[in-house]
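Take a look at the letters that make up each chain.
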Amino acid sequence: MTKKKKIIIGALILLLCIAAGSFLYYKMAAPPGEEWLAYHNEELISNIDSQLSGLDIESIVQKKEKLVIEKEIADIQNAIKDGSLTYEELTAICLYRIKTLDQNEHGLNSVLTINPNAMEEARQKDAERKSRTENPSDIFGIPVLLKDNINTAGIPTSAGAAALADFIPAKDADLAANLKNCGAIILGKNNLSELAGYMSSIAPAGYSNVKGQTISPFGPLKISASGSSSGSAVSVTANLTPASIGTETDGSITAPASAGSVVGFKPTRSTVSATGILPLIRQMDTPGPIAKSVQDAAVVYNAMSGQSLNPEWDKDYLQGKTIGLASYEYNDKTQVSILKEMLQNAGAKVIDITLSQEEVIIFGNIHLTFKNDYKDFASAYGLPVKTLDDLIAFNNKEKDTNAKYGQDYLEEAAETETADYDEISKSIEKAASVLDTAFTKHNLDGIAFLNSTASTLPAAAGFPELTIPLGKDKSGVPQGATLTLPAGEDESLLKMGYSLQEHTNGRTNPLTTP
């Protein structure tokens, strides 16, 4: 063998080793099972192109995008009021960003469906605005995306399930109707963990068989977008929409909000209607807003709930408050210390507390009621697949496209003969007891924890939770600080969260920050 051939062979072997090493790194770094999977993108792009037809969208984006990106709802409304921006331009910018950042090759895939009338509705809002001196609500004309388990009249609502892909509700969920009544523009629906995460034990968070894999912009295939409201959080952090709506049964707002460096607000369960939302555990499911600031979360919450909270935003609201900091062995000790320091910097007195989540079961109890709740919902809203057994059978016909990662959770739930709501009630009562005891024993004004690590307790109890961005860890993974207060204290929680937000400045825009 000549010297030249030896050099060539050696170079080829080196390249193969590098390729193999890169492949192994990719396999280790990517969240389990996560792949570049995006379905039906052409349909969404065609929808967007049709709505943007006739506009000089490139010029609009170049001149006006700066009035939208990273701006609060109040800032956007002020720009519209002074004539710098219109609702038509705002909606066009959102659609353009969905097309170019979300639905492009290796895009974020956080949006599942686009409202085909979004641009026409935006033009109507512009016309209405000109006929009055003040808007009827703070959310008037603002595009909002809804998680795809929330019924929206005239727009497909599938919860990510292939069997429901063509289901178009005749009636809005209560919260969707409230948003529309306040003048919000329903921009479309967000991708999600299929059936709010109750499909397969091996499916990665943010995957649905209708739309594919939701991707985190902080580290595609390396950092999980979390779930189940993954698309709702990703679309906000990427500035595809000013705000979105998620739902939570156990950490499904707090976890993706933490992972997306956005604000997630799960309000007191009794304050927002879950009517018209495909249930996971009907007794616990709670919808809530995801936004880039606490102020925006409050605006969206008022609109979706019919409430009229009007917090006085005070940066020093935490001053003198006693906050119990709950942590667990598996928490990143450095991040817990950072959270403690941030609370202290805001003027709070921080004491370490223990919160046991024993005997509080949420996910492990879904199978007790899901079969019955699904049947009742299917009957009430006219789903094309009427029972859980029928849904499983539909998926089995074409497993590769209908149940890529299997459906073991559904199969487990199908074995339940009689729904057991008493066990659910026991967890609700136990969680409320644990939290009430902690508040009383330590004379607390609030409880804080890292990301969603203690979310099971307030989620079960129905207490409000508010997640605030807390920067990123040393690996570049976004972190969140979650606060909770007793049921009914939503306004105080928002004020507390605003104070922490102003002292941390932890929000990170993934598309402009290294």
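Residues numbered from 1 in each chain as written. Predicted model: local features only at pLDDT ≥ 70, side-chain atom pairs only at ≥ 80, totals over all residues. Heavy atoms only, no water.

Right, let's talk about the overall build of the protein for a bit. Within the protein, the regular secondary structure consists of 19 helices and 13 strands. Here the C-alpha atoms of the protein give a radius of gyration of 23 Å, agreeing with the 24 Å that 2.2 N^0.38 yields for 514 residues. For the C-alpha atoms alone, the extent of the protein along its principal axes is close to 80 × 55 × 50 Å. Expressed as a percentage of the 514 residues in the protein, the buried residues total 59%. Total accessible area on the protein stands at roughly 20900 Å², and carbon and sulfur atoms take up 50% of it. The average position of the 45 basic charges and that of the 63 acidic charges among the side chains of the protein differ by 7 Å. (Helix = DSSP H or I, 4+ residues; strand = E, 2+ residues; numbered from the N terminus. Rg over C-alpha atoms; globule rule 2.2 N^0.38 Å. Buried < 20%, exposed > 50% of the residue type's maximum accessible area, 1.4 Å probe, protein only. Areas by Shrake-Rupley, 256 points an atom, 1.4 Å probe, with all protein chains shown as cover. Lys, Arg positive; Asp, Glu negative; His and termini not counted. Charge placed at Lys NZ, Arg CZ, Asp CG, Glu CD.)

Of all hydrophobic cores here, the largest spans 87 residues; its most connected members are Leu90, Ile139, Leu146, Leu179, Ile245 and Leu343. The residues touching leucine 146, leaving out its near neighbours within four places in the chain, are Thr152, Leu175, Ala176, Leu179, Ile186, Gly188, Lys189, Asn190 and Ile245. If you look at the next biggest cluster of nonpolar residues, it comprises 51 residues, including Ala326, Leu383, Leu388 and Ala432. (Core = buried A, V, L, I, M, F, W, Y, C linked by side-chain atoms within 4.5 Å. Contact = heavy atoms within 4.5 Å.)

Moving on, we get to helix H5 (residues 87-102). With 16 residues, H5 should reach 22 Å at 1.5 Å per residue; the first-to-last C-alpha distance of 21 Å fits that figure. Here H5 lies mainly inside the structure; twelve of its 16 residues are buried. Residues of H5 that are buried include every one of Tyr87, Glu89, Leu90, Thr91, Ala92, Ile93, Cys94, Leu95, Tyr96, Arg97, Ile98 and Asp102, and no others. (Expected span 1.5 Å × (residues − 1).)

Moving on, we get to the pairing of strand E3 (residues 185-190). Along E3, six of the six residues are buried, which leaves the element largely enclosed by surrounding structure. Alignment of strand E1 (residues 111-114) against E3, held across three bridges, turns out to be antiparallel. Looking across to E3, one finds that threonine 113 is bridged to lysine 189. Relative to E3, strand E2 (residues 143-147) runs parallel, the two being bridged by five bridges. Considered in E3, the bridge of leucine 145 is made with glycine 188. (Pairing = 2+ DSSP bridges.)

What follows is about the packing of helix H7 (residues 174-181) against helix H11 (residues 294-305). In a packed pair of helices, the relevant descriptors are the angle between the two axes and the axis-to-axis distance. Following both chains from N to C, one finds H7 and H11 inclined at 110°, their axes separated by 6 Å at the closest point. When the axes of H7 and H11 are compared, the pair comes out roughly perpendicular. Each of Leu175, Asn178 and Leu179 in H7 lies in contact with H11, whose residues at this interface are Val300, Ala303, Met304 and Ser305. Residue classes in the contact of H7 with H11 are distributed as five nonpolar, two polar and no charged. (Axes fitted to C-alpha atoms, helices over the stretch in contact; angles between N-to-C directions. Parallel < 35°, antiparallel > 145°, perpendicular 65-115°, else oblique. Nonpolar A, V, L, I, M, F, W, Y, C, P; charged D, E, K, R; others polar.)

Turning next to the pattern of salt bridges. Going through the model one piece at a time under the given rule, you end up with 14 salt bridges. Residue lysine 189 pairs with aspartate 148 through a salt bridge whose shortest N-O separation is 3.2 Å. Of the two residues, lysine 189 is situated in strand E3 and aspartate 148 in the loop between E2 and H7; the sequence distance between them amounts to 41 residues. Exposure class is identical for lysine 189 and aspartate 148. Each is buried. For aspartate 352, the salt bridge identified is with lysine 340, shortest N-O distance 3.4 Å. Separated by twelve residues along the polypeptide, aspartate 352 in strand E10 (residues 349-353) and lysine 340 in helix H12 (residues 333-345) bring together distant segments of the chain. A network of salt bridges, in which partner residues are shared, links Glu88, Glu120 and Arg123. (Salt bridge = Lys/Arg side-chain N within 4 Å of Asp/Glu carboxyl O.)

Attention now goes to the confidence of the model for the protein. On average, residues of the protein carry a pLDDT of 94, and 93% of them reach 70 or more. Considering only residues more than four positions removed or in separate chains, one finds that residues 3-30, a stretch of pLDDT under 50, has ten contacts. (pLDDT = per-residue confidence, 0-100.)

With mixed pairing, eleven strands are arranged side by side in an open sheet as E1-E3-E2-E6-E8-E7-E12-E13-E11-E9-E10. Every other strand in the sheet has two partners, leaving E1 and E10 as the edge strands with one partner each. Each strand of the sheet is rotated relative to its neighbour by a mean of 30°, with strand direction disregarded. Sheet topology note: the strand E7 (residues 263-266)/strand E12 (residues 465-472) ladder contains three bridges and is antiparallel. In the strand pairing of E12, glycine 264 is matched with threonine 467. Contacting E2, E3, strand E6 (243-248) and strand E8 (286-291), helix H9 (residues 230-237) runs over the sheet at an angle of about 155° to E6.

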